[in-house]
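Structural overview for review
If you want the building blocks of each chain, they are given just below.
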Amino acid sequence: MSARFVLDARHPVTRDHTVLGRHVLPGLAYVDVLWQGAAARHDDLLRFELCDVKIFRPLVVPADGAVTCDLDVAPEAGGSSRVTVRDAASNGGSHHEGEVYASARLCDVGRPPFHERLIVADAARSAAQVVDAESLYARCRARKLVHGDFMKVAGTVYVTDADIVADIRLGTAASAHANAVLFHPPLHDGASVCLGRGFNHSRQSDQRELLLPIAFESFRAAAPLRTACLARVRSASVTRLRDVTTFSIEFFDLHGDQVAELRHLTNKSVREGVLSTSPTPTRTQRQTTTPARGREQTLEQRICELIAAMRGCPVDQIGAGHGFFDLGVSSANLLELIAALEGELGSSLSPTLPYEYTTPATLAAHLAGQAGPTGTIRGSRPVGRLRDVATET
């Protein structure tokens, strides 16, 4: 099944969300886009979970033009579906991986049995810091991430020792469109802004950072999120790996009952004046390639072949002991690499693995060490919990 939609700079979501001066679809808007795309195939959408969501590149809308996208829903084994958002106009409409904006799997897992409750008054009483949402948007504006009225939420953020809680609601403009969506983009984006920036504010983190989402492990919900909510990030869920920050968001209704969960939202920091998911190449310590055997050698060779194909160069120019960024691989390329390896290994992989294992050789060694007798990766996703290595060079 395929559906086509058009985005231009007049659409309120892209009109009121600019990054470094350009109109961009917010990464968390894909929650509603992907979910709505599957609505024609499934009657009870709340039985389903969005899994393995990857945002390969920003969907940038020109100020004087439009972007035409195809949303493809393809059935997979076990009742799940693969949902993909592609650029319909590029290359004469042909589809290849270079044109994919985002992809996810939609899995039938049954309605989620949430049991958590959140009492916002308790968070307010125990808060070490109280931050107004507008002040966090001001910090975003200073980083050239600008939200107009439609994409801004109002509310308060409470920072405690254990977690960060946001009590947020839509503005008037977005509220008028609430019934047209299941999971309103300003609420998701607003929760991420308030909780993510709130965490940086409370920890005196680098306020120059502009965080753009590149992936999340899963999203599930027991009810729509349309006009207002409480949201929480547990401090223990926040991890940093160089310029990648990951955290999970729990959503609650205004009565304090949990209604949704976004697990392991992975954000990439952007500090340059260019809109790109690619990092500024950083120098990594080059490693001497150790002769590999068996599966590790096969994986190493395959990773080098995939990188060579992305760069359009001979595979013998890809040094297995060189850092991915030294090899000219972008963040979008790393997501494509993980997606390709998932398909070949038949296992879900954490999108942050290339940031932990930063060369083809070390990534291959890790994957080979995790592989079972059939070649699949042992254990459930993510493969490993992120280490806090923000201070490593």
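Residues numbered from 1 in each chain as written. Predicted model: local features only at pLDDT ≥ 70, side-chain atom pairs only at ≥ 80, totals over all residues. Heavy atoms only, no water.

Our focus in this paragraph is the nonpolar core. Grouped together as the largest cluster of nonpolar side chains are 73 residues, with contacts concentrated most on Tyr-30, Leu-59, Phe-183, Phe-219, Ile-249 and Phe-251. One finds Leu-341, Leu-345, Leu-349 and Ala-361 within the second-largest nonpolar core, a separate group that totals 32 residues. (Core = buried A, V, L, I, M, F, W, Y, C linked by side-chain atoms within 4.5 Å. Buried < 20%, exposed > 50% of the residue type's maximum accessible area, 1.4 Å probe, protein only.)

Turning to the packing of aromatic side chains, a few remarks are in order. According to the stated counting rule, one finds three aromatic pairs in the structure shown. Ring plane angle 65 degrees and centroid distance 5.1 Å describe the contact between Trp-35 and Phe-183, whose orientation is recorded as edge-to-face. With a gap of 148 residues between them, Trp-35 in helix α2 (residues 30–37) and Phe-183 in the loop between α5 (172–175) and α6 (185–203) connect regions that are remote in the sequence. With respect to burial, Trp-35 and Phe-183 carry one shared label: buried. On the basis of an interplanar angle of 80 degrees and a centroid distance of 5.1 Å, the ring pair of Phe-183 and Phe-219 is categorised as edge-to-face. Highlighted residues: Phe-183 in the loop between α5 and α6 and Phe-219 in strand β13 (residues 210–221), separated in sequence by 36 residues. Just as Phe-183 is buried, Phe-219 falls in that class too. Grouping aromatic residues by their ring pairs yields a cluster made of Trp-35, Phe-183 and Phe-219. (Phe/Tyr/Trp six-rings, centres within 6.5 Å; stacked < 30°, edge-to-face > 60°. Helix = DSSP H or I, 4+ residues; strand = E, 2+ residues; numbered from the N terminus.)

Glancing now at the packing of helix α7 (residues 294–311) against helix α10 (residues 360–370). Running from N to C, α7 and α10 point in directions that differ by 135 degrees, and their axes come no closer than 8 Å. Looking at the two axes, α7 sits oblique to α10. Our pair here, α7 against α10, has a crossing hand that is right-handed. Residues Arg-295, Glu-296, Leu-299, Glu-300, Ile-303, Cys-304 and Ile-307 of α7 pack against Pro-360, Ala-361, Leu-363, Ala-364, Ala-365, Leu-367 and Ala-368 of α10. Class assignment of the residues belonging to the contact of α7 with α10 gives a composition of 11 nonpolar, no polar and three charged. (Axes fitted to C-alpha atoms, helices over the stretch in contact; angles between N-to-C directions. Parallel < 35°, antiparallel > 145°, perpendicular 65-115°, else oblique. Left-handed = near helix turned anticlockwise from the far one by under 90°. Contact = heavy atoms within 4.5 Å. Nonpolar A, V, L, I, M, F, W, Y, C, P; charged D, E, K, R; others polar.)

Glancing now at the pattern of salt bridges. What the rule picks out here adds up to 23 salt bridges. Residues Asp-8 and Arg-10 are paired through a salt bridge, measuring 2.9 Å at the closest nitrogen-oxygen approach. Residue classification places Asp-8 among the buried residues on the basis of a relative accessible area of 17%. (Salt bridge = Lys/Arg side-chain N within 4 Å of Asp/Glu carboxyl O.)

Once that is clear, we can look at the sheet that holds strand β3 (residues 22–24). An order of β5-β3-β2-β10 is seen for the four strands of this open sheet, with the pairing classed as antiparallel. Edge strands, defined here as strands with exactly one partner in the open sheet, are β5 (60–61) and β10 (145–147). When strand β2 (residues 17–19) meets β3, the two strands line up antiparallel, connected through two bridges. Paired with Val-19 across the two strands is Arg-22, which belongs to β3. (Pairing = 2+ DSSP bridges.)

It is worth spelling out α10 at this point. Residues of α10 that are buried: Pro-360, Ala-361, Leu-363, Ala-364, His-366 and Leu-367. As for α10, its buried residues are in contact with α7, α8 (331–345) and α9 (353–356).

Moving on, we get to the pairing of strand β4 (residues 48–55). Most of β4 sits inside the fold, with eight of its eight residues counted as buried. Sheet analysis places β4 next to strand β8 (residues 100–108), joined by six bridges and oriented antiparallel. Paired with Ile-55 across the strands is Ala-102, a residue of β8. Note that β4 and β13 share four bridges and pair antiparallel. Across the sheet, Lys-54 pairs through a bridge with Ala-215, a residue of β13.

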